[in-house]
Amino acid sequence: MTTSQWTRHLRPALAGLDVYDIEPLPAKARLAANELAEPWPMEVVQEIGKRVAQIELNRYPDTSGRKLRALLAQRHGVEPDAVVIGCGSDELIGFLLTALGGRPSEPSFLVVPTPTFHMYGHAARCRGIGVLEVPLTEELELDEPLMHEALDVATGAALCFLARPNNPTSSLWDAAVIERLIAQHPGTVFVLDEAYTSYAPGSTLWRAGLPDNVVYMSTLSKIGLAGLRVGYCVAPPALRRPLNVVRNPYNVSATSQAIAELVLTKFEGVQKAMLTRSLAARQKLVGLLGKIPRAKVFPAHANFAVVRLDPAGEATRVAEALAQRGVLVKDASALPRLAGCLRVGVGTNAELDVLAKALAEVIPGYGADAK
Ligand SMILES: Cc1ncc(COP(=O)(O)O)c(C=O)c1O
């Protein structure tokens, strides 16, 4: 096959990066995507349908999502201009990396603990931004001395993403460590990504008047609205204009803006009830995973739990055998610190019953060690 001459202009890094595109598989239990599994009640779905019918689809939406930004700003007690919305927080990660992409004379770089949310490193590498990965401790906590060291390398890191709770580990990193990192590295922008904060009630690090090197980021994806693709951040004053410069106008669709506004104003109570059910289901999930002989279940603070199987090779076998039974879980065993681990989402009660049955079929002695 001949190679077109223009291919030399492709960014070299892209050749080594994966495409994230997953074929939708029919599933009896979809426990691999970190969604809120609880469905919206029919009355809410109908109200949403009515609201969508009113949208003028021939018109562009508000360029920056003013109404939705105002609602999110109100929740955080900040002015609407502090809030930037994105097509999922994935898009905001891109904006942050583009805005803080550094100068040619001063190559910018990103520090991330590892393992953490894949898109931080991926989006940086797509932009040619160097990534310094700092392994978590064996207990999946931040390694504070190593983090300080990494943030200090060369002229200092431009950006550091800290997900709390973290994906894929479900760990809730020590707040005091995070506060110290932020205070001791004022030349680095820290993004506090609290995508899963609803699953760790009372743990948020949000407060009005965070230091000026902190961006607070979250998303509606984990609270029942993953289909909308709406993420948001509260940015310090000096970062608001740069983020809006790199943001495309109309980056969140009229449909997503309208549905998000409706849910946040009218159905917050319903949403809370769904989250409460999901928290109860997490207990059940942790119990089910705990019945795997010789397994270690790590503390779960997000809407998924991590379990280490013994021997380590079991993780891949079990994930595959579960998939054959229509139960989709994530084999995390190739990730740093997660050898032998599966990441399993909190499903609905019914999905967890399917999981329990499948585990019993797939794992010899399942439940036998139960105390
Ligand atoms: C820690 C973390 N941040 C951000 C995201 C992206 O969320 P969104 O759906 O808003 O793009 C995810 C998605 O799984 C995540 O795990």
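The name given to the protein chain in an unreviewed UniProt entry is histidinol-phosphate transaminase, and the organism recorded there is Nannocystis punicea. Quoted straight from UniProt, the Sequence similarities (unreviewed entry) entry for the protein chain says "Belongs to the class-II pyridoxal-phosphate-dependent aminotransferase family. Histidinol-phosphate aminotransferase subfamily." The heading Pathway (unreviewed entry) in the UniProt record of the protein chain holds the text "Amino-acid biosynthesis; L-histidine biosynthesis; L-histidine from 5-phospho-alpha-D-ribose 1-diphosphate: step 7/9."

In this structure, what is going on with the domain arrangement of the protein chain? I would like to understand it.
Many analyses report the size of an interface as the accessible area lost when the parts associate. When cut into domains, the protein chain gives domain 1 (11-40 + 269-362) and domain 2 (52-266). Taken together, the contact pairs 28 residues of domain 1 with 32 residues of domain 2. Interface area, domain 1 with domain 2, both sides summed: about 2600 Å², of which 60% is carbon and sulfur. Ranking the residues of domain 1 by area buried against domain 2 places Gln271, His301 and Arg337 at the top, with a combined share of 24%. In this assembly, domain 1 and domain 2 are joined by two salt bridges. The partner of Arg337 in a salt bridge is Glu138, and the shortest N-O contact between them spans 3.6 Å. The interface formed by domain 1 and domain 2 holds 14 residue pairs in polar contact (both at pLDDT 80 or more) in total. Looking at the side of domain 1 that touches domain 2, the elements that each hand over two or more residues are helix H9 (268-290) and strand S12 (304-308). Counting residues per element, the side of domain 1 that touches domain 2 draws most heavily on H9, at five residues.

I would appreciate a short explanation of the site of the ligand in the present structure.
Every one of the 14 residues lining the ligand counts as a neighbour, but Ser89, Asp193, Thr219, Ser221 and Arg229 are closest to it. Between Tyr196 and the ligand, the recorded distance is 2.7 Å, taken from a side-chain N or O atom to an oxygen atom. Within the contact set of the ligand, an oxygen atom lies 2.6 Å away from a side-chain nitrogen or oxygen of Ser221. Class assignment of the residues belonging to the shell around the ligand gives a composition of five nonpolar, five polar and four charged.

What am I meant to see in the sheet that holds strand S7 (residues 159-163) here?
Within a sheet, neighbouring strands are paired by backbone hydrogen bonds and run either parallel or antiparallel to one another. If you trace the seven strands from one edge of the open sheet to the other, you get S2-S10-S9-S8-S7-S5-S6, paired in mixed fashion. Either end of the sheet is taken by a strand with one partner, and the two such strands are strand S2 (83-87) and strand S6 (130-135). Across the sheet, the mean angle from the axis of one strand to that of its neighbour is 25°, orientation sign disregarded. Note that S7 and strand S8 (residues 189-193) share five bridges and pair parallel. Across the sheet, Phe161 pairs through a bridge with Val191, a residue of S8. Helix H2 (residues 66-76) rests against S2, strand S9 (214-219) and strand S10 (230-234) of the sheet, and its axis sits at about 125° to S2.

Where do I start with the pattern of salt bridges in this structure?
When the charged atoms of two side chains lie near each other, side chains of opposite charge can form a pair. The final tally for this structure, using the stated rule, is 21 salt bridges. Note that Lys266 and Glu47 form a salt bridge whose closest N and O atoms lie 3.1 Å from each other. In this pair, Lys266 sits in helix H8 (residues 254-266) while Glu47 sits in helix H1 (residues 42-53), placing the two residues 219 residues apart along the sequence. Since its relative accessible area comes to 25%, Glu47 is described here as partly exposed. A salt bridge links Arg75 to Glu268, with the nearest nitrogen and oxygen atoms 3.0 Å apart. One end of the pair, Arg75, is in helix H2; the other, Glu268, is in helix H9, and 193 residues separate them in sequence. Taking the relative accessible area as the measure of exposure, Arg75 reaches 40% and is therefore partly exposed.

Reading guide: rules and limits
- Residues numbered from 1 in each chain as written.
- Predicted model: local features only at pLDDT ≥ 70, side-chain atom pairs only at ≥ 80, totals over all residues.
- Heavy atoms only, no water.
- UniProt positions renumbered as here; feature names shortened; annotations may be inferred.
- Domains from an automatic or database assignment.
- Contact = heavy atoms within 4.5 Å.
- Buried area = accessible area lost by both parts, 1.4 Å probe.
- Salt bridge = Lys/Arg side-chain N within 4 Å of Asp/Glu carboxyl O.
- Polar contact = N/O pair within 3.5 Å; in protein donor to acceptor, adjacent residues only side chain to side chain.
- Helix = DSSP H or I, 4+ residues; strand = E, 2+ residues; numbered from the N terminus.
- Near = heavy atom within 4 Å.
- Nonpolar A, V, L, I, M, F, W, Y, C, P; charged D, E, K, R; others polar.
- Pairing = 2+ DSSP bridges.
- Axes fitted to C-alpha atoms, helices over the stretch in contact; angles between N-to-C directions.
- Buried < 20%, exposed > 50% of the residue type's maximum accessible area, 1.4 Å probe, protein only.

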